[in-house]
Each structure stands twice: as C-alpha cells, then as structure tokens.
Amino acid sequence: MAGNNAISEGLSVLVGILERERIRGAESVAISSEALAALQGLPQALFERRFGAGDPAMAVTSAVPASPASPASPAVATVIEPRSEAAREEKRDETWRRAQLNAIFKSVKNAPEPKALGTLFETVVFASGNPSADILLVGEAPGAEEEKLRKPFVGPSGQKLEQILKAMGLSREQVYISNIVKFRPKKGDGRFQGAGNRPPTQEEMASCLPFIRAEIEVVEPRVIVALGRTAAEGLLEQGGALGAFRSGTHRFGGIPVVVTYHPSYLLRQEAASIEEGKLAKRQVWEDMLRVMEIAALPISEKQRNYFR
Ligand code: URA
C-alpha cells in the first residue's frame with residue numbers, strides 16, 4: 001500500500017539517523033513532544049490503515065479469552081475506562097494488543113476470501129492465550145473439537161501441546177496459540193463430515209495468511225513455533241519436508257521461526273511404538289530447547305538433560 005510504503009521509508013530514514021547518532025557515541029537524542037506523539041501513534045495508524053479498525057478510544061476485549069468463549073459470544077465488548085497517565089502507560093501494551101486482536105477477529109468474521117472458496121465451515125476459531133506472549137505457536141486449522149469450543153488446540157493434539165508447554169515450564173495461558181486457517185476445512189460439502197477433519201490446502205492457507213500475519217505484528221513474539229509441515233508451508237509460503245524445515249533457519253516478518261512436529265504426529269508415533277514415540281519426543285524437545293533459548297527462558301539442567 002502506497003501510504004504504508006511512505007511510512008516504512010520514513011521509518012527507515014529515521015532508524016538510519018538514529019543509528020548514525022549511536023555510532024557517533026550519542027546515548028540519547030532530543031525529540032519534540034509532537035514528534036514523540038506521532039511516533040507513538042504509528043502502530044495504531046498503520047493498523048487502522050490496514051484493517052480500518054474502529055474508534056481506538058472504545059477499545060474492546062477480548063478476542064483471545066483466557067477461558068473457552070461461550071459459543072454464543074466469542075468476543076466480549078468492554079469499554080476501557082479512562083485511567084491515570086501512569087496506569088495507562090502500564091496497561092497500554094496489553095490493552096492496545098487486545099483491541100487490535102479483537103479488530104482482527106472481527107475482520108476474520110467478515111473476510112470474503114476464505115468464504116469465497118466454499119471449502120471451509122463458517123465458525124471462526126481465532127486464537128487463545130497471552131496477547132503479549134514471547135512465544136507464538138501456530139498450527140494449521142481447527143478440527144471438530146476446536147470448532148465446537150471456538151478455541152484452537154483443545155482436542156487430543158491440544159492436550160499433547162499442553163504437556164510440551166508444561167515441560168518447558170509454561171501454561172497455555174502464557175503463550176499465544178493460533179492457527180493459519182481460522183475455519184475448519186470441509187470434507188466434500190461438509191454435510192456428512194461428522195467429527196472427521198482434513199488438513200487445509202495451500203489455497204485455504206493463503207486466504208487466511210493476512211490474519212496470522214497481523215496477529216504476529218500485534219503480539220510481536222520473540223519466537224514463532226510452526227507446528228507441523230502444513231503450518232510451516234502455509235506460514236513460510238514454501239514447500240518442503242519437515243526434516244528440512246526443522247534444520248533450516250527461518251524468519252517471518254523478521255521474527256525467528258522454529259519448525260517442529262505437529263503434536264498429532266507425536267500422538268501417532270507414541271501409538272506406533274515406545275521407541276518411535278521416544279524418538280519423536282526427543283526431536284520435539286530439541287526444537288523446544290531452541291525455542292526457550294531464543295525466548296530467553298531459563299533452562300534448568302534437568303530440562304537440558306531430559307533425553308541425555
Ligand atoms: N490441529 C491444528 O493444527 N490446530 C488445531 O487447532 C487443532 C489441531
């Protein structure tokens with residue numbers, strides 16, 4: 001978008017000037033209050049340019065509820081009360097992020113591209129967890145159980161994912177969990193689908209990519225974890241084997257991406273044999289140690305040596 005390009009170019013020039021000042025030994029720069037206010041307003045301005053979000057003073061929460069949303073009301077609107085300057089400063093990030101995520105959630109509901117495909121069910125399954133998380137995990141698409149509860153990763157894969165997080169010393173509320181595709185994919189016309197699921201196609205993932213991109217821009221995690229080959233292909237917009245994805249280095253919008261096995265693969269390997277299960281677990285754990293390192297999480301000796 002032309003306006004966004006002008007803003008990015010302006011920001012690049014500003015970063016260049018600041019970088020030169022830093023090299024010259026400057027530890028601080030003087031900035032007028034007008035310029036500071038304009039810079040602080042940039043994320044909101046950029047977001048609105050892109051999504052046309054409503055009145056920021058009437059910020060709403062929460063597209064990412066901590067507990068399962070009621071199917072009748074996936075997003076609960078709350079008027080943000082005016083706060084003192086100090087309290088507002090403290091809360092700004094969290095409140096701003098919730099408002100932006102809620103705006104993205106609304107744009108998913110009305111998005112024409114995924115609907116036009118005719119291959120996805122209509123219920124939106126958005127995201128859950130911490131809008132300011134350091135770790136953002138992304139799967140491929142919701143299944144039947146996720147659709148029922150309108151929350152990603154709540155079926156058997158979700159339980160496995162929670163076990164992995166627990167081993168990392170985290171709960172699902174501390175990370176941000178989302179999917180590339182926000183609707184359950186249909187098998188045929190979906191009429192006789194029952195609880196069956198299928199992975200999303202490239203076309204379906206492409207139709208939803210702007211949403212996960214926007215979520216990542218808002219959450220600004222330190223690291224993104226792509227769960228499985230399909231999610232990696234959709235996010236990185238390239239094909240490949242999981243082994244190649246795992247050993248490669250990837251970035252999305254400048255943020256490191258670690259690709260690991262989907263939790264359903266772990267479940268399948270564990271069901272196949274003890275040995276296969278153990279191998280898959282060890283591989284996932286190696287990836288998660290990398291995630292913890294990038295996220296600057298403390299790693300205990302016990303965690304480091306789980307599989308040694
Ligand atoms: N698999 C996914 O990729 N996402 C979910 O939400 C559930 C299962």
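Whatever comes next refers back to the structure up there.
> Quick question: what am I supposed to make of the sheet that holds strand β4 (residues 223-227) here?
Each strand in a sheet pairs with its neighbour through backbone hydrogen bonds, running either in the same direction (parallel) or in the opposite one (antiparallel). With mixed pairing, 6 strands are arranged side by side in an open sheet as β1-β3-β2-β4-β6-β5. Two strands close off the open sheet at either side, each with one partner strand: β1 (127-129) and β5 (250-252). Neighbour-to-neighbour, the strand axes of this sheet turn through a mean angle of 30 degrees, independent of strand direction. With 4 bridges connecting them, β4 and strand β6 (residues 255-260) associate as parallel partners. Across the sheet, residue Leu227 finds its bridge partner in β6, namely Thr260. Against the sheet, helix α8 (residues 202-219) makes contact with β1, β2 (135-139), β3 (176-179), β4, β5 and β6, and its axis sits at roughly 165 degrees relative to β3, the strand it touches most. Across the face of the sheet, helix α12 (residues 274-294) comes into contact with β2, β4 and β6 while running at roughly 165 degrees to β6.

> Could you clarify how one ought to interpret the environment of Lys186 in this entry?
Within the fold, Lys186 resides in the loop between β3 and α8. In this structure, the C-alpha to C-alpha distance between Lys186 and Phe121, residues 65 residues apart in sequence, is 6.2 Å. Other than its neighbours up to four places away in sequence, Lys186 contacts Gly118, Thr119, Leu120, Phe121, Gln193 and Arg198.

> Looking at this structure, I do not really get the pattern of salt bridges. What am I missing?
Scanning the model with the defined rule gives 17 salt bridges in all. Close ionic contact of Glu147 with Arg184 constitutes a salt bridge, the shortest N to O distance being 3.0 Å. In this pair, Glu147 sits in helix α6 (residues 144-149) while Arg184 sits in the loop between β3 and α8, placing the two residues 37 residues apart along the sequence. The class for Arg184 is buried, based on a relative accessible area of 5%. Between Glu162 and Arg172 there is a salt bridge, with the nearest N and O atoms lying 3.1 Å from each other. Taken together, the residues Glu162 in helix α7 (residues 156-167) and Arg172 in the loop between α7 and β3 connect sequence positions 10 residues apart. Classification of Arg172 by relative accessible area gives buried; the value is 8%. Via salt bridges that share partners, Arg246, Arg282, Glu286 and Asp287 belong to a single interconnected network.

> What is the right way to look at the side chain of Ser207 in this model?
Take Ser207: it is sitting in helix α8. Ser207 sits in the buried class, given a relative accessible area of 11%. Among the polar contacts made by the side chain of Ser207, one reaches the main-chain carbonyl oxygen of Glu204 at a distance of 2.8 Å. Excluding residues within four positions of it along the chain, Ser207 makes contact with Glu113, Pro114 and Leu117.

> Whenever I open this one, the site of the ligand confuses me. Can you help?
All residues adjacent to the ligand are Gly139, Glu140, Ala141, Pro142, Glu146, Pro152, Phe153, Asn179 and His262. Between the ligand and the protein, one listed contact pairs a nitrogen atom with a backbone N or O atom of Ala141 at 3.1 Å. In this structure, His262 approaches the ligand through a side-chain N or O atom, which is 3.0 Å from an oxygen atom. Considering the ligand on its own, with 240 Å² of exposed area, one finds that the protein chains cover 92% of that surface. Here the shell around the ligand is built from residues that sort into 4 nonpolar, 3 polar and 2 charged.

> What should I look at first to understand the pairing of β4 in this one?
For a regular strand, side chains alternate in direction, first toward one face of the sheet and then toward the other. Of all 5 residues in β4, 5 are buried, a share of seventy percent or more. Of the two faces of β4, the one carrying Val223, Val225 and Leu227 and the one carrying Ile224 and Ala226 are both buried. As paired elements, β2 and β4 share 4 bridges and run parallel to each other. Along β4, the bridge assignment pairs Val138 with Ala226.

> Looking at this structure, how should I read the packing of α7 against helix α11 (residues 263-272)?
A pair of packed helices is captured by two measures, namely the crossing angle of their axes and the spacing between those axes. As a packed pair, α7 and α11 sit with axes 8 Å apart at the nearest point and diverge in direction by 95 degrees. On the basis of the axis angle, α7 is roughly perpendicular to α11. From α7, Pro156, Ser157, Lys160, Leu161 and Ile164 reach across to α11, where they touch Pro263, Ser264, Leu266, Leu267 and Glu270. Looking at the contact of α7 with α11, its residues break down into 6 nonpolar, 2 polar and 2 charged.

Calculation rules
Here the residue index of a chain counts from 1 through its sequence in written order. Under the rules for a predicted model, residues below a pLDDT of 70 receive no local features and side-chain atom pairs below 80 are neither given nor counted, while totals for whole chains, interfaces and linings still include all residues. With hydrogens and water stripped out, all remaining heavy atoms of the structure feed into the side-chain values. A pair of strands counts as paired when DSSP detects no fewer than two bridges linking them. Helix numbers and strand numbers start at the N terminus; a helix is a DSSP run of H or I with at least 4 residues, a strand a run of E with at least 2. Angles run from 0 to 180 degrees between N-to-C directions of axes, and those axes are lines fitted to C-alpha atoms, restricted for helices to the stretch in contact. The contact criterion used is simple: two residues touch if any of their non-hydrogen atoms lie within 4.5 Å. A side-chain nitrogen of Lys or Arg and a carboxyl oxygen of Asp or Glu constitute a salt bridge if their distance falls within 4 Å. Working definition: with a 1.4 Å probe on protein chains only, accessible area under 20% of the residue-type maximum means buried, over 50% means exposed, and in between means partly exposed. Side-chain atoms alone can form a polar contact between residues adjacent in sequence; in general such a contact is a pair of N or O atoms within 3.5 Å, and within protein one must be able to donate a hydrogen while the other accepts it. Summary of the distance rule: residues count as near a molecule or strand when at least one heavy atom falls within 4 Å of that molecule or strand. To be clear on the numbers: accessible area is Shrake-Rupley with a 1.4 Å probe, and residue cover counts the displayed protein chains and nothing else. Ten residue types, Ala, Val, Leu, Ile, Met, Phe, Trp, Tyr, Cys and Pro, are classed as nonpolar, four, Asp, Glu, Lys and Arg, as charged, and the remainder, Gly among them, as polar. Our angle categories are set so that under 35 degrees counts as roughly parallel, over 145 as roughly antiparallel, 65 to 115 as roughly perpendicular, and the remainder as oblique.

Note that every value here comes from positions in space, so none of it alone points to a role or purpose.
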